[in-house]
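A look at the structure
So the chains spell out like this:
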Number of protein chains: 2
Amino acid sequence: MSLPSKVKIVEVSPRDGLQNEKEFIATPVKIELIDRLSQAGFPNIEAVSFVSPKWVPQMADGAEVMAGIQRRPGTIYSALTPNLRGFEGALAAGIDEVVIFGAASEAFSQKNINCSIAESITRFEPVAQAAKAAGLRLRGSISCALGCPYQGETPIASVVDVARRMLALGCDEIDVADTIGVGTALRVGQVMRAVTEIVDPARISGHFHDTYGQSLANILAAMEAGISIFHSSVGGLGGCPYAKGATGNVATEDVLYMLRGLDIDTGIDLDAVVDTGQWISGHIGHKSSSRAGNALAARKAA
Amino acid sequence: MSLPSKVKIVEVSPRDGLQNEKEFIATPVKIELIDRLSQAGFPNIEAVSFVSPKWVPQMADGAEVMAGIQRRPGTIYSALTPNLRGFEGALAAGIDEVVIFGAASEAFSQKNINCSIAESITRFEPVAQAAKAAGLRLRGSISCALGCPYQGETPIASVVDVARRMLALGCDEIDVADTIGVGTALRVGQVMRAVTEIVDPARISGHFHDTYGQSLANILAAMEAGISIFHSSVGGLGGCPYAKGATGNVATEDVLYMLRGLDIDTGIDLDAVVDTGQWISGHIGHKSSSRAGNALAARKAA
């Protein structure tokens, strides 16, 4: 196995994890979550989104959350910004990185936002230009990069095409996201290797879901393809809107447990993350789906 | 990745999976489970054990179970046989393969059976000789091969030493078992490569638990080390006696889903296994812990 010596973990629980929770999570809880995560050493936290509160009411308090947190030097705080209005909100809140997004599946794009992939990405041009002008980092997220609920397996050429468009918009980092968790290790390696042909591997991240339990194997395969940035969510926060009751984002504790065993440095305190996973799971009222998190917490309690 | 083109799955749910269930599972349910599994195409099923019913009351009906199943040609039915009396029961029941076992951890051996590793394996000599004389297959299982609840990480030399002793007893197949699920991919590769130095890789199997969510990554690493036999349990049946509420054996559905994606042939019908996982989970009254199983069942229901 040829593996990186360092991995950057992007912790997505405050945004991607919480946004699917039906009950509104109080602003102070969101603030404490982000502060716990930054104190645990995460170099990048997807903290909030600036979208219409009509679409995503859970994220309506993005400005208050950002105003309430204690900034840790060395942590990049990211926000989803679907349009210029969202970007203005993010800029005012002092966000370090804005995230734009597009699907690699034509069927998904048409069904969800009623336009082609190409059109959907063109719409982000003003946001991308504004981010560059303001000196912010820009991240582009490619959803449905392994499969789509409507059209099955995603052609690798579609992923590469979206990556190329995102590069052209000036993205500093590009996420290859298996939104519905259907991908397996061989295909993940193929997709990642194809994207590394046009994007520097140091600027590509892998975003995996444990819907089919494949995330850690996929991360291993992605690392072997040269990738060293991964998204994860403490306690596995965040369900899957396409499969009720299914597991969502890969749990940060499981990823960190594996990486520690592989002697890969992340700079993150696993012990603090385990505590945070148990704490936030208690707050939102369902058991953590992190297997390593639950086992380590049980070991600590014993 | 250098992966095998074929993998043999040893389905352990009827024995390893059910034996931790507190409530007695009715004999006809056990029989139906084994029959469903053989019909799904499993080449090897760990069906029963012949141990004292005082120790493991759940397995007291081994003879009735074996008398009730429909034998499928091509399926090897295995039984745990801790002593000559158990072996006689297995032989009378028409078992194809008997399984003996020993820990790779000295602390575990002393604490659990009050003797050294070497002594514990010597005690199996009569069973091994009887199995050979009767023309049965003999499998040796090395527990705590990655870690031990009492002494932490297991030295690789201890695993190799137990493997050597089991080879000397005439074992046809040797299991490297991460009984408490603590192992991660790098170490798994190292342990497997060390064992392949003295045992033909085609005779080594990997037995992983998802206590820390690492099984699929570990299977991937083991395959890269030349291993092509793995144990799994439908619905993830079987808890972990060392961590209450923790996940047990890796779920067969998750393994098959990954192997299918890797174009690795198992000869097993994943669809039938998904149904069986949901069926048996209903019978024992707790939700399947197989992520792929639950996601595929939800997809089917939709």
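Residues numbered from 1 in each chain as written. Chains lettered and ligands numbered in written order. Predicted model: local features only at pLDDT ≥ 70, side-chain atom pairs only at ≥ 80, totals over all residues. Heavy atoms only, no water.

Position of Arg299(A) relative to the elements: it lies in helix H13 (residues 291-301). Discounting chain neighbours no more than four positions away, the residues touching Arg299(A) are Val182(B) and Tyr212(B). Side-chain polar atoms of Arg299(A) contact the side chain of Tyr212(B), separated by 2.8 Å. (Helix = DSSP H or I, 4+ residues; strand = E, 2+ residues; numbered from the N terminus. Contact = heavy atoms within 4.5 Å. Polar contact = N/O pair within 3.5 Å; in protein donor to acceptor, adjacent residues only side chain to side chain.)

In this section: empty space enclosed by the protein. One pass over the structure, following the stated rule, counts 2 cavities of 30 Å³ or more. Estimates place the volume of the largest cavity at around 100 Å³. Forming the boundary of the largest cavity are 14 residues, of which Asp210(A), Gly213(A), Asp210(B), Gly213(B) and Arg291(B) lie nearest the centre. With 3 residues, the single largest contributor to the lining of the largest cavity is helix H10 (residues 215-224) of chain A. Among the residues making up the lining of the largest cavity, the classes are represented as 4 nonpolar, 4 polar and 6 charged. A volume near 40 Å³ is recorded for the second largest cavity. (1 Å grid on protein atoms, 1.4 Å probe; cavity = no way out; pocket = protein on both sides within 12 Å on 5 of 7 lines; lining within 4 Å. Points joined across faces, edges and corners; volume = space filled by probe spheres on them. Nonpolar A, V, L, I, M, F, W, Y, C, P; charged D, E, K, R; others polar.)

This paragraph deals with the relation of the copies chain B and chain A. The transform that puts chain B on chain A rotates by 180° and translates by 0.0 Å along the axis, for an RMSD of 0.0 Å. Here the transformation between the copies is reduced to the relation of a two-fold axis. Rotation axis and chain B: the residue whose C-alpha lies nearest the axis is Ala217(B), separated from it by 2.1 Å. A share of 100% of interface residues in chain B that are also interface residues in chain A marks the association as one of identical surfaces. (Least-squares fit on C-alpha atoms with pLDDT ≥ 70 in both.)

With that out of the way, let us pick up the sheet that holds strand E2 (residues 44-49) of chain B. Residues and elements named next belong to chain B. One closed barrel accounts for 8 strands, arranged E1-E2-E3-E4-E5-E8-E9-E10; its pairing is parallel. On average, adjacent strands in this sheet sit at an angle of 30° to one another, irrespective of strand direction. Bridge count for strand E1 (residues 8-11) against strand E10 (residues 229-232) is 4 bridges, and the pairing is parallel. Note that in E10 the partner of Ile 9 across the bridge is Phe 230. Where helix H8 (residues 156-168) meets the sheet, its contacts fall on strand E4 (97-103), strand E5 (137-143) and strand E8 (173-177), and the angle it forms with E5 comes to roughly 165°. (Pairing = 2+ DSSP bridges. Axes fitted to C-alpha atoms, helices over the stretch in contact; angles between N-to-C directions.)

Function-wise, these values are silent; they only describe arrangement.
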